[in-house]
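One letter stands for each residue in the lines below.
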Amino acid sequence: MRVPAIDTEGLTKRFGTVTALEGLDLRVEQGEIFGFLGPNGAGKSTTIRLLLHLVRPTAGTARIMGVPVEDVERAHRHVSYVSGDVSLWPQLTGMETLIHLANLSGGADDAFRDELIERLRVDPSVRARSYSKGNRQKIALTAAFMTRPDVLLLDEPTSGLDPLMEAEFQALAREAADRGQTVFLSSHLLDQVEDICHRVAILRAGRLVEVAALEDLRKLNTTVFEAVLDGPAPRLDGVPGVVAVERIDRGLRVSVTGPPSAALSRLASAGLVRLRSREPSLEEIFLTYYEATSGQRGAVAAHGALPDGAGPGARDGPDTPDPPGAPDPRAPR
Ligand SMILES: Nc1ncnc2c1ncn2[C@@H]1O[C@H](COP(=O)(O)OP(=O)(O)OP(=O)(O)O)[C@@H](O)[C@H]1O
């Protein structure tokens, strides 16, 4: 069996009285694109800094490609890292920066580097001090990918990139995974990772609340309906299948698992003017799952970032059940 790309056991970090990470047990396989999700302050960056051994753990262990992370010289041979807020040497041009970083890491494939520059559309002749935030990210992404490392540790790497470049980044991540490289992608935006990740972990307040394959989450068979109504919105409490309801302009957004007929007939009798249905986003799947399994129903903030305290695990506790079909469920401890 191949050694895991990333392997942590009981990894814990406290800063004084603040517990940034508590008992993280995580195993990421080679060739995986692994999403590491959580609201602000959940402990994502701390985890990545522990994996880079930029901070020492309070307890626990971590290995990269089987190498203990405290063996920095050997572990870092396997790793590239991009932070969400890249600093570059202001006097160097993008190309000088890339050449310098390639030399530091024992060389890169120049043709691949130039392809990355082309695909990410960054002008390498500009001095770093003149780069926008997005262009600094592009130089850092080029530097990370150009050496084809075994493991890419990416901490919100596409902040500041436009959607076209986000798509290009996703293509690069997929190609890397196809080559057997591992992409560990931290984000607080679920929809940013749902297109590319094989599995996702959800971290909240320093604790792992979930690890699941996207396929298993999608099997929860949820549909989101957006109903425009010409009368007052009906109450949907207790309607079979309804797991989340949110008010939208002139109507309701309703998440339903299983057959939707009961919910639809309630909407139809409330003056249904227009109905749209769609697949749920990853965020909606998670939130819906937690709504469904906790037996509580209510409004769900459905779009954008996971709000602090409103995401999965917001009601964490010993009675939170394991999700159906998740390959590696870990209940909050
Ligand atoms: N050097 C430090 N000293 C003290 N507290 C810290 C330090 N670094 C992180 N923390 C705290 O640890 C917790 C986790 O922070 P971390 O930066 O890992 O979260 P995050 O999930 O990466 O958040 P974000 O999405 O906002 O970057 C937070 O409460 C943070 O304030």
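Computed from a predicted structure; not experimentally measured. (Residues numbered from 1 in each chain as written. Predicted model: local features only at pLDDT ≥ 70, side-chain atom pairs only at ≥ 80, totals over all residues. Heavy atoms only, no water.)

Student: Explain the sheet that holds strand β9 (residues 199-204) to me, please; I cannot follow it from the model alone.
Tutor: Where strands meet in a sheet, backbone hydrogen bonds hold them as pairs that are either parallel or antiparallel. Taken in spatial order, the 6 strands line up as β6-β7-β8-β3-β9-β10 in an open sheet, and their pairing is mixed. With one partner strand each, in any of the chains shown, β6 (79-82) and β10 (207-213) form the two edges of the open sheet. In this sheet, neighbouring strand axes are inclined to one another by 15° on average, regardless of whether the strands run parallel or antiparallel. Of the pairings in the sheet, the one linking strand β3 (residues 33-37) to strand β8 (residues 182-187) comprises 5 bridges and is parallel in character. Counted as the bridge partner of Leu37 is Ser187 from β8. Taken strand by strand, helix α5 (residues 133-146) contacts β6 and β7 (151-155), and its axis lies near 170° from that of β6. (Pairing = 2+ DSSP bridges. Helix = DSSP H or I, 4+ residues; strand = E, 2+ residues; numbered from the N terminus. Axes fitted to C-alpha atoms, helices over the stretch in contact; angles between N-to-C directions. Contact = heavy atoms within 4.5 Å.)

Student: Would you mind going over the site of the ligand with me for this structure?
Tutor: In the vicinity of the ligand, 13 residues are found, and the nearest of them are Gly41, Gly43, Lys44, Ser45 and Thr46. Between the ligand and the protein, one listed contact pairs an oxygen atom with a backbone N or O atom of Gly41 at 2.7 Å. Taking Ser45, its side chain carries an N or O atom lying 2.7 Å from an oxygen atom of the ligand. Here the ligand has 630 Å² of accessible area as a free molecule, and 62% of this is covered by the chains. (Near = heavy atom within 4 Å. Polar contact = N/O pair within 3.5 Å; in protein donor to acceptor, adjacent residues only side chain to side chain. Areas by Shrake-Rupley, 256 points an atom, 1.4 Å probe, with all protein chains shown as cover.)

Bear in mind that shape data such as this cannot, by itself, settle questions of function.
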